[in-house]
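Here are the chains, one letter per residue:
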Amino acid sequence: MSGSNGKEKDSSLSEEFLRELDDALKEPVCPECVMCGWCCKQTVCYYGQWDYDRHQCMFLTNDNLCDKYEEIVKYEKSIGLEVGLFGSGCCLNYANPDRIKLLKRRNGEP
Ligand code: SF4
Ligand code: SF4
């Protein structure tokens, strides 16, 4: 009897654990994107196209924004993508020089 109860408890605990894990994985875990544009100068995302002359994605604007932002958001929404390209933070490289420069400037550092 107690063995069977124990098994039921284990299984419900494990379902709860999996549910919590699933929720945790949906939370953004990367630091904030400060729109430095560095990632789009290293390689392109699924929607990008490399500009060999400028050595960056051809859709990266001069003020480091994505020229396809509206189009990408609209497309990802249309296919019901849960985690889109934008809004999950900066997961590529925590120590990229452009990001650090922007963060320092924001903190009033030289
Ligand atoms: S390198 Fe990081 S901070 Fe800079 S634009 Fe890309 S995601 Fe944002
Ligand atoms: S399409 Fe936009 S987000 Fe993707 S690499 Fe180009 S500029 Fe960056």
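Residues numbered from 1 in each chain as written. Chains lettered and ligands numbered in written order. Predicted model: local features only at pLDDT ≥ 70, side-chain atom pairs only at ≥ 80, totals over all residues.

J.: Explanation requested: the overall build of the protein chain in the structure shown.
T.: The number of helices and strands found in the protein chain is three helices and two strands. Along its sequence from the N terminus, the protein chain presents helices and strands in the succession α-β-β-α-α. Residues counted as buried form 9% of the 110 residues belonging to the protein chain. Residue pairs at least 24 apart in sequence account for 50% of intrachain contacts in the protein chain once pairs closer than 6 positions are excluded. (Helix = DSSP H or I, 4+ residues; strand = E, 2+ residues; numbered from the N terminus. Buried ≥ 20, exposed ≤ 12 C-beta atoms within 10 Å, placed from the backbone. Contact = placed C-beta atoms within 7 Å.)

J.: Is there a simple way to explain the site of ligand 1 in this structure?
T.: Every residue near ligand 1 is listed here: C33, V34, M35, C36, G37, W38, C39, C90, L92, N96 and R99. In terms of residue class, the shell around ligand 1 is made up of eight nonpolar, two polar and one charged. (Near = placed C-beta within 6 Å. Nonpolar A, V, L, I, M, F, W, Y, C, P; charged D, E, K, R; others polar.)

J.: Whenever I open this one, the site of ligand 2 confuses me. Can you help?
T.: Around ligand 2 sit C40, V44, C45, Y47, G48, C57, F59, L60, C66 and K68, and that is every residue in its neighbourhood. Tallied by class, residues from the shell around ligand 2 come to eight nonpolar, one polar and one charged.

J.: Before we go on, may I ask you to explain the confidence of the model for the protein chain in this structure?
T.: Do not read the predicted coordinates in detail wherever pLDDT is low. The predicted model of the protein chain has a mean per-residue pLDDT of 85, with 84% of residues at 70 or higher. Counted against residues more than four places away or in other chains, residues 1-6, with its pLDDT under 50, gives zero contacts. (pLDDT = per-residue confidence, 0-100.)

J.: Help me understand the environment of E32 in this model?
T.: Tracing the chain through its elements places E32 in the loop between α1 (2-26) and β1 (50-51). Of the residues examined, E32 has 10 C-beta atoms within 10 Å and is grouped as exposed. Sequence spacing of E32 and S88 is 56 residues, and the spatial spacing of their C-alpha atoms is 7.9 Å. Not counting residues within four places of it along the chain, the set of residues in contact with E32 comprises G89 and C90.

J.: When you look at unusual backbone geometry in this model, what are you seeing that I'm missing?
T.: Residues apart from glycine generally show negative phi values, whereas peptide bonds are mostly found in trans. The phi angle at M35 is positive, at roughly 55 degrees, despite the residue not being glycine. Even without glycine at this site, H55 takes up a positive phi of about 50 degrees. Residue classification places H55 among the exposed positions, given that 9 C-beta atoms sit within 10 Å.

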